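Residue-level structure breakdown
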Number of protein chains: 4
Amino acid sequence: MFFASDNWAGAHSTINERLLKESTRFAAAYGTSELDKSIELRFNELFEREVSVYFVATGTAANSLSLASVAKPGGVTFCHSEAHVIEDECGAPDFFSGMRMIPVEGPHGKMDPENLVERIARYPQDAVHHGRAAAVTLTQATEVGTVYSLEEIDAVSKIARENGLPLHMDGARFANALVALGATPAEMTWKRGVDILSFGGTKNGCWCAEAIVFFDPALAKDFAFLRKRSAQLFSKSRFIAAQFEAYLQDGLWLKLAAHANAMADRLRAGLDRSNSARQAWKTTSNEIFVVVKKDAAQAAEAKGAKFYDWLEPRDMPEPVGKDEMLVRLVTSFATTEEDVDQFVALATGR
Amino acid sequence: MFFASDNWAGAHSTINERLLKESTRFAAAYGTSELDKSIELRFNELFEREVSVYFVATGTAANSLSLASVAKPGGVTFCHSEAHVIEDECGAPDFFSGMRMIPVEGPHGKMDPENLVERIARYPQDAVHHGRAAAVTLTQATEVGTVYSLEEIDAVSKIARENGLPLHMDGARFANALVALGATPAEMTWKRGVDILSFGGTKNGCWCAEAIVFFDPALAKDFAFLRKRSAQLFSKSRFIAAQFEAYLQDGLWLKLAAHANAMADRLRAGLDRSNSARQAWKTTSNEIFVVVKKDAAQAAEAKGAKFYDWLEPRDMPEPVGKDEMLVRLVTSFATTEEDVDQFVALATGR
Amino acid sequence: MFFASDNWAGAHSTINERLLKESTRFAAAYGTSELDKSIELRFNELFEREVSVYFVATGTAANSLSLASVAKPGGVTFCHSEAHVIEDECGAPDFFSGMRMIPVEGPHGKMDPENLVERIARYPQDAVHHGRAAAVTLTQATEVGTVYSLEEIDAVSKIARENGLPLHMDGARFANALVALGATPAEMTWKRGVDILSFGGTKNGCWCAEAIVFFDPALAKDFAFLRKRSAQLFSKSRFIAAQFEAYLQDGLWLKLAAHANAMADRLRAGLDRSNSARQAWKTTSNEIFVVVKKDAAQAAEAKGAKFYDWLEPRDMPEPVGKDEMLVRLVTSFATTEEDVDQFVALATGR
Amino acid sequence: MFFASDNWAGAHSTINERLLKESTRFAAAYGTSELDKSIELRFNELFEREVSVYFVATGTAANSLSLASVAKPGGVTFCHSEAHVIEDECGAPDFFSGMRMIPVEGPHGKMDPENLVERIARYPQDAVHHGRAAAVTLTQATEVGTVYSLEEIDAVSKIARENGLPLHMDGARFANALVALGATPAEMTWKRGVDILSFGGTKNGCWCAEAIVFFDPALAKDFAFLRKRSAQLFSKSRFIAAQFEAYLQDGLWLKLAAHANAMADRLRAGLDRSNSARQAWKTTSNEIFVVVKKDAAQAAEAKGAKFYDWLEPRDMPEPVGKDEMLVRLVTSFATTEEDVDQFVALATGR
């Protein structure tokens, strides 16, 4: 019953097999092998256009270097107030990009377009003292289990474009969002106006596979240097490439995400059937936020369930009661139906 | 016949097996798992004292963050003029530490103690305009195949200590040096006065396993933040831990390094028997630098041999002739006797 | 009628005379002259204890380098949400210190202690992902004309101390606050727990004189390097020293601030007598914020009055009407009674 | 007898008078006043083309931000091995630009073109590991009293242009070089291919007046932000503008530099007439390097002469004898004939 995070899961067997095969070969280092190059082509196919792809070690690196690639002196980046870049990366995006992250409020992890417009307006292009707007970043799926619809991405993208700002998408859970929307990778990104994507594989069955995808290769002209200077160029880079090869082969990545989402659906359904637990807000990806009775939660923990307490946000429709607590549950490619059912039984006291 | 670099090799089967086993489990993320913690204890044992250990993604990260951990404003770091930190890391050490790398000359990859003394003296602790001495770093084994003897490390260490400077060791090929010297890890590091070590596993049979070892845990007090802020904290950190577990188990790492060194010995012996090739300078680890006839080198390449041309250094005892070239050959855990013998035959024209 | 800012004023004649005298001499450069050293002693006297003093070029530099001197990796600094460091310095504090500025709300430019406690609690010392509390900074006088009472500084200081955080004071208008409170420099700073002070002279009669005062000289041990590395060490530093000498001689600085504050009092009194203008909130230093009729404001501007419109804050007790506007008026050592009276007449339509 | 440095001199009376006049006025802050703008036009005239001009606080800032304005990730800047940017600015150019300074040897403070070509060739545009060439900077007049001829600037400029590298000139002693060459500002800069100039006034009669001049205003598009973010935007910027106004009026700056150079000529002539002192190498600006008898130097010091000992460079045509020492003498606008003659008498033991 591991619901603490999708990064508590291991790695998928297909990916492991590909890694095993890779380990017996010699090949050129630092991203120059044939395999590395073939994966770049694979991403072109995946996104239905020419893209530039760079592997990095962590999601934090993907976000930080994406923003660094479009940084300007005195620039600021707009993100949701609960975004990973502002809350959970220890200032790495600010460090690498030299930009400040400006929080934009909005319900349940999504920037409210009006708030975004208002915030950007405070940082005009001649605001030498205050700082100037330089980028927008959104997280898809969001940090709180929700997913921007294509129309909602359009709304953010339109604002970015009208203000001449590049748009970055933090796709640490890109596959989960894609499956939830039933969209293609192209539809959810550059066709919506996304310029740069942090494409995460680690949370969805790889053990370490993060890529930055530039939809306009011109944006990436300095990136090879930025990556090396940031200590993010793997010598045995092809082991990242190998993971991505297996991950993308025959739609494995979508199957894994579909499984994780289905397990979350099962959790949602199970908890909704109960009177003693309720979803704090509606989610559609592989994260759910549930208000449960404290004693039921403790019982689940006693049986080995792993999950995190969550700070009650200001915009909870129905407040958490005295004998209740808010918890976050995350499913993954490795979550089983048995685990879900056992947890539901314990959490709902049945 | 892959002699281009030891990072062209894959990963050792024992390490792969350990990774496979790890991949089927759930465990806590971001370096907090039991496995992560057990490896820290394993390093204590290995080094015969309490140490602090932090995994990072690349050797460049290990070096850069090691230096960042002891950085001072206006500080400079002394390194050999051919050191990886000054020649091959795209300025990452400068970027992360805010320090400048000051080259110190010395024969065949090793800082000459007199030169080091003279260089340090130019950066006294009150040199506000010029900058002040803040750290010394040496590479063991060096970038050109040589190995500092314990006495030579002592000499550098004494100078560092007399000037109040922390001493860092870049151990990207730590195991190869250890085997070459027949020393223990403790003897080659803190017993010699080394304060911080970049402990590399990637070149010697892991696919990605780099650690920073602080021999004085007090030096590491801010390091968890420094690493996260530098985008170097893996979510599935335990996959690094797992590699190190297998790597260190039953002396595997030393066996792999001993094999690589033995293959280099075989190369050295084979080439020395020839009149048409000669070692450019004496090396004792898994890198050798050879002057070969151009046509022999081309013949070897035509048969699939991989190696790099090398820039002729200023201090070559015997210059490279017109029909000759200088090449670098690197062996690894995966090098075979057959490959060595075949290469020797081709390179010596026999 | 120059009320746009106190930095629109020129320089006081006594300070000019001292500069003239200085200009005819030769003296050692880079802050090593006798005069530079004597000013350091003068600050000891002024603050009734041994302090370390460093001149820098701008108030932004004073704040940024103060914070840089206590920075930690992953650290964050708490400041009022309208503080100069977060609103008006183009990210310089973040750039030099590597820290993020975390806004703390509070009425009229002063951090609310409860909010400060709550904010600090979100950044505990082991919050590797989120970041950790590292410093607190308050502005005295504040950016909106108010002044922290000694008790209010105590309240902030107590919180900082309890959390082990150094406390910085942005004293761009230090003298105006001192005069408003009738306190001594010691009473308003280190006796309250302030560790580092940006001591501003530029807005109060100098043309360029900013100093960083460390109340614990141990905090300043690296500062000479930090300043030089930050391009803030003047070669003819003694011209800053000379300004400070004249500024501090015979209490000139307090007389100039008292004049500026008195002119603000005269403005306050004049506007309060009117029905057509009102103070937006109560201020006690040399800045006042007034709601005036738009046509009266325009009439004043037409006659050459200079002032800035001000964005209506969320916590205005009485909102700005449709035919009204909120303006900021700043007085200085150079403001005359005539200018005040003329402005009052115009702004109140009399 | 102040020959320690030209920054030991005070400020010229004409400049003081202009400052006095400025101090009695109110005017807009942060570089937006009419005076600030008029000086920009004055620079256009001076350089016979449209330029962008930005004032900063120090020569170190001028150099550091000039290089920052053309920085690239992984970029390196080529400078003479004794250049101020690499020897005397505590790493500020590296800090602000994120680039490393690569030393280029050459006799007497001037980069040897062949060495420059050879060095640049080591940093090609695809050298991800090593770093890539990004800028060239030369100092005019050099740090050791020599002056690049127009042809010599052409030679450096041609190399920069052929490699696509912007060319910066550190003109801390720009006027002294100009006078020495008898050239116009345009002839010594953009007509030679210089892209960015650190235009120094401080050493030549101002007390603080440094400007960055962009000959292609497009290069300056981000500079206003870069300057503010670097804490280099003066609030009372017009006091810098006022200094430059007086400095440039009626050729004052050239007269002051001509005087300084003439005093150096007088020193050169006086010392050359002696058998007991000799110029270490030929200089043509306001710095001279002299080998004197130790006892004569001590006698001069005893009489109050100020000068610096100088480290003997490797390329001294005639080595310094046992009873001799090498000293640097710098003249300025404030040096008198009497001081020169007295010094010559003492130093030559007559």
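Every value quoted in this text rests on a predicted model; they were computed, and no experiment measured them.

**Examining the overall build of chain A**
Broken down by element type, chain A carries 14 helices and 11 strands. The C-alpha radius of gyration of chain A comes to 20 Å, within 12% of the 20 Å expected for a compact globule of 350 residues. For chain A, the spread of C-alpha atoms along the principal axes amounts to about 60 × 55 × 30 Å. Within chain A, contacts between residues at least 6 apart in sequence are counted, and of these 75% link residues at least 24 apart. For chain A, the exposed area adds up to about 12000 Å²; of that, 51% sits on carbon and sulfur atoms.

**Considering the relation of the copies chain B and chain A**
Both copies of the chain are tied together by a single rotation about an axis and a shift running along it. The transformation that overlays chain B on chain A combines an axial shift of 0.0 Å with a rotation of 180°, and the residual RMSD is 0.0 Å. Here the transformation between the copies is reduced to the relation of a two-fold axis. Relative to the rotation axis, the C-alpha of Ala57 of chain B is the closest in chain B, positioned 3.1 Å from it. Interface overlap between copies: 100% of the residues of chain B at the interface are likewise at the interface in chain A, consistent with a symmetric, same-surface contact.

**Some remarks on the relation of the copies chain B and chain D**
Here chain B sits on chain D after a turn of 180° about the axis and a move of 0.0 Å along it, with an RMSD of 0.0 Å. Both copies present the same face, since 100% of the interface residues in chain B are matched by interface residues at the equivalent positions in chain D.

**With respect to the packing of helix α1 (residues 13-23) of chain D against helix α11 (residues 238-248) of chain D**
Residue and element names in this part refer to chain D. One can describe the packing of α1 onto α11 by two numbers: an axis separation of 8 Å at closest approach and a directional angle of 140°. By the angle between their axes, α1 is oblique relative to α11. Once α1 is placed against α11, the crossing between them reads as right-handed. Contacts between α1 and α11 pair Thr14, Ile15, Arg18, Leu19, Glu22 and Ser23 from the former with Arg238, Phe239, Ala242, Gln243, Glu245, Ala246 and Tyr247 from the latter. Split by residue class, the contact of α1 with α11 holds six nonpolar, three polar and four charged.

**A short note on the interface of chain B and chain D**
Listed per partner, the contact involves 13 residues of chain B and 13 residues of chain D. Approximately 1100 Å² of surface area, both sides summed, lies buried where chain B meets chain D, with 47% of it carried by carbon and sulfur atoms. On the chain B side of the interface with chain D, the three residues burying the most area are Cys90, Arg100 and His129 of chain B, jointly 43% of the side's total. Applying the counting criterion to the chain B and chain D interface returns zero salt bridges. The interface formed by chain B and chain D includes eight residue pairs in polar contact (both at pLDDT 80 or more). Partitioning the side of chain B that touches chain D into residue classes produces three nonpolar, five polar and five charged.

**A closer look at the interface of chain B and chain A**
With 50 residues of chain B at the interface, the matching set in chain A holds 50 residues. Interface area, chain B with chain A, both sides summed: about 4200 Å², of which 66% is carbon and sulfur. Together, Phe26, Trp207 and Lys236 of chain B form the three largest contributors to the area buried by chain B at its contact with chain A, with a combined 21%. At the surface where chain B touches chain A, the tally comes to zero salt bridges. Summed over the shared surface of chain B and chain A, the number is 26 residue pairs in polar contact (both at pLDDT 80 or more).

**Quick look at the packing of aromatic side chains**
Under the criterion given, the structure shown has 118 aromatic pairs over all chains. Ring geometry for Phe174 of chain B and Trp253 of chain B: centres 6.3 Å apart, planes at 5°, overall stacked. One end of the pair, Phe174 of chain B, is in helix α8 (residues 174-181); the other, Trp253 of chain B, is in helix α12 (residues 252-272), and 79 residues separate them in sequence. Each member of the pair, Phe174 of chain B together with Trp253 of chain B, is buried. Note on Phe95 of chain C and Phe96 of chain D: the rings are 6.0 Å apart at their centroids and 35° apart in plane angle, and the pair reads as tilted. Linking Phe95 of chain C in helix α5 (residues 92-97) with Phe96 of chain D in helix α5 (residues 92-97), this pair reaches from one chain into another. The class for Phe95 of chain C is partly exposed, based on a relative accessible area of 22%. Since its relative accessible area comes to 7%, Phe96 of chain D is described here as buried.

**Points about the side chain of Ser274 of chain C**
Residue and element names in this part refer to chain C. Along the chain, Ser274 falls in the loop between α12 (252-272) and β8 (277-279). On the basis of relative accessibility, which here comes to 9%, the residue Ser274 falls in the buried class. Within polar-contact distance, the side chain of Ser274 engages the backbone nitrogen of Ala277 at 3.2 Å.

**Some words on the pattern of salt bridges**
Summed over all chains, the structure comprises 88 salt bridges over all chains. A salt bridge links Lys221 of chain A to Asp222 of chain A; its shortest N-O distance comes to 3.5 Å. Taking the shortest distance from any N to any O, the salt bridge between Arg173 of chain C and Asp6 of chain C comes out at 2.7 Å. Placement of the pair is Arg173 of chain C in the loop between β5 (167-171) and α8 (174-181) and Asp6 of chain C in the segment before α1 (13-23), with a sequence separation of 167 residues. In this pair, the class of Arg173 of chain C matches that of Asp6 of chain C, namely buried.

**A word on the domain arrangement of chain A**
Residue and element names in this part refer to chain A. Partitioning chain A into domains gives domain 1 (11-251) and domain 2 (253-348). Just the C-alpha atoms count here: the centres of domain 1 and domain 2 sit 28 Å apart. The junction of domain 1 with domain 2 conceals about 2100 Å² of combined surface from both sides, 58% of it contributed by carbon and sulfur atoms. Summed over the shared surface of domain 1 and domain 2, the result is one salt bridge. Note that Arg173 is salt-bridged to Glu287, the shortest N-O span being 3.3 Å. Counting across the interface, domain 1 meets domain 2 through 12 residue pairs in polar contact (both at pLDDT 80 or more).

**Re the sheet that holds strand β10 (residues 308-309) of chain A**
Residue and element names in this part refer to chain A. The strand order across the open sheet formed by four strands is β8-β9-β11-β10, and the pairing between neighbours is antiparallel. Pairing within the sheet leaves two strands with one partner each, and these edge strands are β8 (277-279) and β10. Of the strand pairs in this sheet, β10 and strand β11 (residues 324-330) are connected by two bridges, and their pairing is antiparallel. Bridge pairing in β11 links Tyr308 to Arg328.

**Quick notes on α12 of chain C**
Spanning 21 residues, α12 of chain C covers 30 Å between terminal C-alpha atoms, matching the ideal 30 Å at 1.5 Å per step. When α12 of chain C is considered as a whole, its buried residues turn out to be Leu252, Trp253, Leu256, Ala257, Ala260, Asn261, Met263, Ala264, Leu267, Arg268, Gly270 and Leu271 of chain C.

**With respect to the side chain of His80 of chain B**
Residue and element names in this part refer to chain B. With respect to the element layout, His80 can be found in strand β2 (residues 75-80). Within polar-contact distance, the side chain of His80 engages the backbone oxygen of Gly106 at 2.8 Å. Aside from chain neighbours lying at most four places away, what touches His80 is Ile86, Val104, Glu105, Gly106, Gly109, Lys110, Met111 and Thr137.

**Points about the pairing of strand β9 (residues 287-293) of chain D**
Residues and elements named next belong to chain D. Counting buried positions over the seven residues of β9 gives six, a clear majority of the element. In terms of strand pairing, strand β8 (residues 277-279) meets β9 through three bridges, oriented antiparallel. In the sheet register, Arg278 faces β9, and the bridge partner there is Val291. Strand direction decides the pairing type here: β9 and strand β11 (residues 324-330), joined by seven bridges, are antiparallel. Bridged to Val290 within β11 is Val327.

**A look at the confidence of the model for chain A**
Taken as a whole, chain A shows an average pLDDT of 96; of its residues, 100% reach a score of 70 or greater. The complex prediction reports pTM at 0.97, with the ipTM value standing at 0.97.

**Some thoughts on the sheet that holds strand β7 (residues 210-214) of chain C**
Strands belonging to one sheet form pairs held by backbone hydrogen bonds; the direction of such a pair is parallel or antiparallel. Residues and elements named next belong to chain C. Read from one edge of the open sheet, seven strands run β1-β7-β6-β5-β4-β2-β3, paired in mixed fashion. Of all the strands in the sheet, just β1 (52-56) and β3 (100-104) have a single pairing partner and so form its edges. The sheet shows a mean angle of 25° between the axes of neighbouring strands, direction not considered. Summarising the sheet, β1 and β7 pair through five bridges and their orientation is antiparallel. Paired with Phe55 across the two strands is Ala211, which belongs to β7.

What counts and how
Residues numbered from 1 in each chain as written. Chains lettered and ligands numbered in written order. Predicted model: local features only at pLDDT ≥ 70, side-chain atom pairs only at ≥ 80, totals over all residues. Heavy atoms only, no water. Helix = DSSP H or I, 4+ residues; strand = E, 2+ residues; numbered from the N terminus. Rg over C-alpha atoms; globule rule 2.2 N^0.38 Å. Contact = heavy atoms within 4.5 Å. Areas by Shrake-Rupley, 256 points an atom, 1.4 Å probe, with all protein chains shown as cover. Least-squares fit on C-alpha atoms with pLDDT ≥ 70 in both. Axes fitted to C-alpha atoms, helices over the stretch in contact; angles between N-to-C directions. Parallel < 35°, antiparallel > 145°, perpendicular 65-115°, else oblique. Left-handed = near helix turned anticlockwise from the far one by under 90°. Nonpolar A, V, L, I, M, F, W, Y, C, P; charged D, E, K, R; others polar. Buried area = accessible area lost by both parts, 1.4 Å probe. Salt bridge = Lys/Arg side-chain N within 4 Å of Asp/Glu carboxyl O. Polar contact = N/O pair within 3.5 Å; in protein donor to acceptor, adjacent residues only side chain to side chain. Phe/Tyr/Trp six-rings, centres within 6.5 Å; stacked < 30°, edge-to-face > 60°. Buried < 20%, exposed > 50% of the residue type's maximum accessible area, 1.4 Å probe, protein only. Domains from an automatic or database assignment. Pairing = 2+ DSSP bridges. Expected span 1.5 Å × (residues − 1). pLDDT = per-residue confidence, 0-100.

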